[in-house]
Protein chains: 2
Amino acid sequence: MSQKPSIPKGTRDFTPQEMANRNYIFNTIKSVFQLYGFQQIETPAMENLSTLMGKYGEEGDKLLFKILNSGDYLNNLSNEELLEKNSIRLTNKISEKGLRYDLTVPFARFVVQNRDKISFPFKRYQIQPVWRADRPQKGRYREFYQCDVDVVGSDSLLNELELIQIVDEVYRRLKINVVIKLNNRKILSGIAEIIGESDKITDITVAIDKLDKIGLEKVNEEIAAKGISQYAIDKLQPILKLSGSNKDKIEQLKSVLATSETGMKGISELETIFSLCETTQIQTQVELDLTLARGLNYYTGAIFEVKAKDVEIGSITGGGRYDNLTGVFGMPGISGVGISFGADRIYDVLNQLNLYPETSEEQTKVLFVSFGEKELLFCLPWLKTLREKGINCEIYPETAKMKKQMSYADGKNIPFTAIVGENEINENKVMLKNMKTGNQQLCNIEELIKALS
Amino acid sequence: MSQKPSIPKGTRDFTPQEMANRNYIFNTIKSVFQLYGFQQIETPAMENLSTLMGKYGEEGDKLLFKILNSGDYLNNLSNEELLEKNSIRLTNKISEKGLRYDLTVPFARFVVQNRDKISFPFKRYQIQPVWRADRPQKGRYREFYQCDVDVVGSDSLLNELELIQIVDEVYRRLKINVVIKLNNRKILSGIAEIIGESDKITDITVAIDKLDKIGLEKVNEEIAAKGISQYAIDKLQPILKLSGSNKDKIEQLKSVLATSETGMKGISELETIFSLCETTQIQTQVELDLTLARGLNYYTGAIFEVKAKDVEIGSITGGGRYDNLTGVFGMPGISGVGISFGADRIYDVLNQLNLYPETSEEQTKVLFVSFGEKELLFCLPWLKTLREKGINCEIYPETAKMKKQMSYADGKNIPFTAIVGENEINENKVMLKNMKTGNQQLCNIEELIKALS
């Protein structure tokens, strides 16, 4: 009665090699977060649907994985409710929980619910999987990890600087060349104001967010389709075509936005951030990019996006400042700023560029290879001593041919073997073999420890 | 339109302090697993219900969290199917996926599905949450972590030894006093054989598993109720009352089980394991306990259970050898042995005994306290230098009163503050304050690095 095993589409198993690579990414990101005083939290995989619904738009509601209520969930339903065959309406009656869709909404819920337990400004990071019932395709999964880092309860621009420093440090450590793109929502609001279309700010930003992807012409068409006047579209053109250095762009913007208080505030924020980047000698290129709107209309200040230079892939990190994330849960007026590292895209970039370190601290350093019970027993105290020194080691647990044991070492990418036969036992030594060079060396325990440390 | 936020019953948020404590446990366990050459894998939170159903008994099937199919899931249902109002039958039609219930079944599925990618013997560990729709109560959650470590593809008793060594090392590092209880399923089978009730082996082991909890009398009643003869029950009594040292018990068992080949095989396995424990100087008490059956009838050899000595709590680690875990997925005859660390119970034990280390490597070492923009800017290069040295540090990002900044440091349990005012800037120094002793010391950058390293 056996069954051919499979996993749900859009989900993945991670083998030891894949896990080692993923842990390299997560550990790098975590240690940088900690360097800046961010602390980890975790929230449950399941949230109440009342927490999740309505936060990601109508499309998002559909993409939530919903959990069927336990027990006899049909018990209280009328025949009419059932025969209606309205899946959406029935869902409300047979499901109360869903899997988290991102880390932002659970974080907002967490802050409000645990406000008495945390110190503000609250610097938190969170690395957990999220689930979306999206159509799976290359690079898009139904279960994937997000790595979010946020400060809430402080509107100081030092926080924006820190996030840029974190990006700079993480990608230097991962050896990925990136450019950090920076914009400010207040500048976008200023632009909408100046061209006389303040109430269309969302339509405008959503459209110009696509400038890179669909080009100027299509963006103009899309804006026009939203009912924006030709006058406004004409006025928008020089802004969309802005060029030169960051300083140049800022100077041009200053003259265009001179009469918009909001716009000038955005420019001043940008200038402060650029100046702080200079003070702290940020090595990554930081570039003002007005086309950056990130399609999310809860941003209110800085907007960030990070792109890898050597790989064709979407943004690998992004975020921004928001002023009212916790309002929907009853705690208005808390300003925060945060970014999210796309672990799965970073994983794809590192795979493509083959940027993983050759050895991992997690892996076995040496495999003991032996040929009988006597040899096995001889090895046990050696293994014990190595482990006391913190050296990861193992012994092939069965009596097996040399070739089989060696190929086990290769399969696990173990760099050394310690071979034990009759002679070695007589001399109370092991034959240490470097699996890469093939070099062999007879070692006593001290020599072995030294060679492996 | 604000809502009071909450989370589903039986689930938990983890605050930074709780996460630091949990990470201490997970990191300790992980580093010991790695010391013995075990490698990490991960499997998806969602599995196909066909993988999960029928593996945990009828009760287990009910406790699975099931995911509602996406889209218009009612579309293909007939009126009859709906009006039947049979929740269990309808579930099969509107749900194809469930959340994993343990790590064992997904692991078996993983081994079969990825057999070509892994080297056998396969030593894996897995640390992930599992979900059960159990009634929540003190110490029992609907989402909790399991930490499983298994070797499959080797029947060498060295693997049993390694698991004992791992238990010994993990609990020494965590400073929890434990006793390791050991039994062997073959001995239980031998007993059933000798008393003439081989076909009732499951009933007998399930009942005697409860000896500790309900006492001898109730166990006898329970066995009798299963239809086991009085003759057999009488014959069972001396075995249940077995006492003395491990050696004594083994000697008594040898005479009782002399005619059972299976029973004698179990005794011989036990003797080998005890002898290996002596060779490797296991410090934890390892005790033969015949009442240990763990109620799981897939065990075929060694059975382990670990109890904390200083806290009233159930077993905190347990496992055993199984010979056919992967058979149900089409890969029969693979022997394996594994144990599972109950992270949430260990967490409760450490909380009760207050055994957490005072400081964590993850936490901020020093908070810069300053009183204006000039001071903030002065601090930035200092922070940068400390971070280059790998020292976790942060600056209070707002201009705020000394008291507020100090209480922020206290709230985050930060051991040092570096105070910067006019005088410090003039001298190019900071005033380092030890938050515990109150001692202050004026430092230049080199002195600061030295004090914090």
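Note that the structure is predicted; figures quoted are calculated from it, not measured. (Residues numbered from 1 in each chain as written. Chains lettered and ligands numbered in written order. Predicted model: local features only at pLDDT ≥ 70, side-chain atom pairs only at ≥ 80, totals over all residues. Heavy atoms only, no water.)

S.K.: Would you take a moment to explain the overall build of chain A for this structure?
M.R.: The helix and strand tally for chain A stands at 18 helices and 16 strands. The C-alpha atoms of chain A give 28 Å as radius of gyration, which overshoots the globular expectation for 453 residues (22 Å, by more than 25%). Reported as C-alpha extents along the three principal axes, the dimensions of chain A are approximately 95 × 70 × 45 Å. Burial status across chain A gives 57% buried among its 453 residues. Carbon and sulfur atoms make up 47% of the accessible area of chain A, which totals about 19,300 Å². (Helix = DSSP H or I, 4+ residues; strand = E, 2+ residues; numbered from the N terminus. Rg over C-alpha atoms; globule rule 2.2 N^0.38 Å. Buried < 20%, exposed > 50% of the residue type's maximum accessible area, 1.4 Å probe, protein only. Areas by Shrake-Rupley, 256 points an atom, 1.4 Å probe, with all protein chains shown as cover.)

S.K.: Would you take a moment to explain the side chain of B:T43 for this structure?
M.R.: Assignment of secondary structure puts B:T43 in the loop between β1 (39–40) and β2 (46–48). A polar side-chain atom of B:T43 sits 3.0 Å from a polar atom in the side chain of B:Q126. (Polar contact = N/O pair within 3.5 Å; in protein donor to acceptor, adjacent residues only side chain to side chain.)

S.K.: Please explain the relation of the copies chain A and chain B as it appears in this structure.
M.R.: Two chain copies, one operation linking them: a rotation about an axis together with a shift along it. In screw terms, the move from chain A to chain B is a rotation of 180° and a rise of 0.0 Å along the axis, fitting with an RMSD of 0.0 Å. The two molecules are tied by a two-fold rotation axis, judged by turn and shift. No C-alpha of chain A approaches the rotation axis more nearly than that of A:I67, which lies at 2.3 Å. Looking at chain A, 100% of its interface residues are interface residues in chain B too, so the copies touch through the same face. (Least-squares fit on C-alpha atoms with pLDDT ≥ 70 in both. Contact = heavy atoms within 4.5 Å.)

S.K.: Before we go on, may I ask you to explain the interface of chain A and chain B in this structure?
M.R.: Accessible area lost upon the coming together of the parts serves often as the stated size of an interface. Across the boundary between the two partners, chain A contributes 107 residues, which contact 107 residues of chain B. Summed over both sides, the interface between chain A and chain B buries roughly 9,200 Å², with carbon and sulfur atoms accounting for 58% of that surface. In this structure, the connection of chain A to chain B is made through six salt bridges. Taking the shortest distance from any N to any O, the salt bridge between A:K123 and B:E394 comes out at 3.5 Å. Inspection of the region where chain A meets chain B yields 47 residue pairs in polar contact (both at pLDDT 80 or more). Partitioning the side of chain A that touches chain B into residue classes produces 46 nonpolar, 39 polar and 22 charged. (Buried area = accessible area lost by both parts, 1.4 Å probe. Salt bridge = Lys/Arg side-chain N within 4 Å of Asp/Glu carboxyl O. Nonpolar A, V, L, I, M, F, W, Y, C, P; charged D, E, K, R; others polar.)

S.K.: Got a minute to help me understand the sheet that holds strand β8 (residues 285–288) of chain A in this structure?
M.R.: Residues and elements named next belong to chain A. Spatially, the eight strands line up as an open sheet ordered β1-β5-β6-β11-β10-β9-β7-β8, and their pairing is mixed. Unpaired on one side and paired on the other, β1 (39–40) and β8 mark the two borders of the sheet. Across two bridges, the pairing between β1 and strand β5 (residues 122–131) is parallel. Among the inter-strand pairings, Q39 is bridged to a residue of β5, identified as R124. (Pairing = 2+ DSSP bridges.)

S.K.: What exactly am I supposed to notice about the pattern of salt bridges here?
M.R.: Side chains that carry opposite charge are capable of pairing whenever their charged atoms lie near each other. Under the defined criterion, the tally for this structure stands at 51 salt bridges over all chains. Between A:E269 and A:K265 there is a salt bridge whose closest N-O contact spans 3.0 Å. Note that A:E269 and A:K265 are positioned in helix α13 (residues 261–279) at a spacing of four residues, about one turn of the helix. Put simply, B:R173 and B:E169 hold a salt bridge, and the shortest N to O gap is 2.9 Å. Of the two residues, B:R173 and B:E169 both sit in helix α7 (residues 158–174), four residues apart, roughly one turn of that helix. Beyond isolated ion pairs, a larger network of salt bridges with shared partners links A:K123, A:E162, B:R387, B:E394 and B:K412.

S.K.: Any chance you could explain the environment of B:V369 here in plain terms?
M.R.: All names here are of chain B. Topologically, V369 is positioned in strand β12 (residues 366–370). Owing to a relative accessible area of 0%, V369 belongs among the buried residues under this scheme. As for V369 and M406, which are separated by 37 residues in sequence, their C-alpha atoms are 7.8 Å apart.

S.K.: I tried to follow the pairing of strand β15 (residues 430–434) of chain B on my own but got confused; where do I start?
M.R.: Every other side chain in a regular strand lies on the same face of the sheet, so the side chains alternate between the two faces. Residue and element names in this part refer to chain B. Sheet topology places strand β14 (residues 416–420) next to β15; four bridges connect them, and they run antiparallel. Residue pairing in the sheet places A418 in a bridge with L432 of β15. Examined bridge by bridge, β15 and strand β16 (residues 440–443) share four bridges and lie antiparallel to one another. When the bridges of β16 are listed, K433 appears paired with Q440. Between the end of β15 and the start of β16, which pair antiparallel, lie five residues, with G438 showing a positive phi angle near 85°.

S.K.: Honestly, the environment of B:G10 in this entry has me stumped. Any pointers?
M.R.: Residues and elements named next belong to chain B. Looking at the element boundaries, G10 is found in the segment before α1 (16–35). Spatially, the C-alpha atom of G10 lies 23 Å from that of V311, the residues being 301 residues apart in sequence. For G10, the contacting residues outside a window of four places in its chain are P136, Y141, R142 and E143.

S.K.: Please clarify how the packing of aromatic side chains should be interpreted in this entry.
M.R.: Two aromatic rings, taken as a pair, are described by how far apart their centres are and by the angle between their planes. All names here are of chain A. Summed over the entire model, instances satisfying the criterion amount to 24 aromatic pairs over all chains. Taking the centre distance of 6.2 Å and the plane angle of 10° together, the rings of F110 and F122 count as stacked. With F110 in helix α6 (residues 104–113) and F122 in strand β5, the pair connects residues that are 12 residues apart, well separated along the chain. Assigned by exposure class, F110 and F122 land together as buried. Seen in terms of ring centroids, Y298 and Y322 are 6.4 Å apart; in terms of plane orientation they differ by 75°. Their pairing is edge-to-face. Separated by 24 residues along the polypeptide, Y298 in the loop between β8 and β9 (299–308) and Y322 in strand β10 (residues 317–322) bring together distant segments of the chain. (Phe/Tyr/Trp six-rings, centres within 6.5 Å; stacked < 30°, edge-to-face > 60°.)

S.K.: Can you help me understand helix α9 (residues 201–208) of chain A in this one?
M.R.: For an α-helix the count is 3.6 residues per turn, leaving residues at separations of three or four pointing the same way. Residue and element names in this part refer to chain A. Among all positions of α9, only I201, I204, T205, A207 and I208 are buried. Buried residues along α9 cover an arc of 160° about the axis, so they all sit on one side. Buried residues along α9 sit against α8 (185–194), α10 (211–225) and α11 (230–240). (Arc of directions from axis to C-beta.)

S.K.: Hey, could you run me through the packing of α1(B) against helix α14 (residues 343–353) of chain B in this one?
M.R.: Each packed pair of helices is defined by two parameters, the angle between the axes and the distance between the axes. All names here are of chain B. It is at 10 Å that the axes of α1 and α14 come closest, and there the two elements cross at 115°. Pair α1 / α14 crosses with right-handed handedness. For the pair α1 and α14, the contacting residues are E18, N21, R22, Y24, I25, F26 and I29 in the first and A343, D344, I346, Y347, L350 and N351 in the second. Counted by class, the contact of α1 with α14 contains eight nonpolar, two polar and three charged residues. (Axes fitted to C-alpha atoms, helices over the stretch in contact; angles between N-to-C directions. Left-handed = near helix turned anticlockwise from the far one by under 90°.)

S.K.: Help me understand unusual backbone geometry in this model?
M.R.: With omega at -5°, the peptide bond leading from A:F120 into A:P121 counts as cis. Looking at the secondary structure, you find A:P121 in the loop between α6 and β5. The phi dihedral of B:K85 falls on the positive side, at around 50°, and the residue is not glycine. For B:K85, the location among the structural elements is in the loop between α4 (79–83) and α5 (87–94). Overall, the relative accessible area of 29% leaves B:K85 in the partly exposed class.

S.K.: Just to check I follow, could you spell out the sheet that holds strand β16 (residues 440–443) of chain A for this structure?
M.R.: By definition, the strands of a sheet pair up through backbone hydrogen bonds, in either a parallel or an antiparallel sense. Residues and elements named next belong to chain A. In spatial order, the strands read β13-β12-β14-β15-β16; together these five strands make up an open sheet with mixed pairing. Two strands lie at the open edges of the sheet, namely β13 (393–395) and β16, each paired on one side alone. Taken over all neighbouring pairs, the strand axes of this sheet differ in orientation by 25° on average, direction set aside.

S.K.: How should I be thinking about the confidence of the model for chain A in this particular structure?
M.R.: When pLDDT is low, close inspection of the predicted coordinates is not appropriate. Looking at chain A, pLDDT values average 93 and 98% of them are 70 or higher. Confidence metrics for the complex model read pTM 0.93 and ipTM 0.93. (pLDDT = per-residue confidence, 0-100.)

S.K.: Looking at this structure, how should I read the side chain of A:K412?
M.R.: Positionally, A:K412 belongs in the loop between α16 (402–411) and β14 (416–420). In this structure the side chain of A:K412 is engaged in a polar contact, spanning 2.6 Å, whose partner is the backbone oxygen of B:G37.

S.K.: When you look at the pairing of strand β5 (residues 122–131) of chain B in this model, what are you seeing that I'm missing?
M.R.: All names here are of chain B. Summarising burial for β5: 10 of the 10 residues are buried, a large majority. As defined by bridge partners, β5 adjoins strand β6 (residues 143–152) across 10 bridges and the pair is classed as antiparallel. In the sheet register, P129 faces β6, and the bridge partner there is Y145.

S.K.: Please clarify how the environment of B:D155 should be interpreted in this entry.
M.R.: You can see B:D155 is positioned in the loop between β6 and α7. Given a relative accessible area of 53%, B:D155 falls into the exposed group. Distance from B:D155 to B:S335, taken between C-alpha atoms, is 5.9 Å for residues 180 residues apart in sequence. Discounting residues that sit within four places of it in the chain, B:D155 has contacts with A:E398, B:R321 and B:S335.

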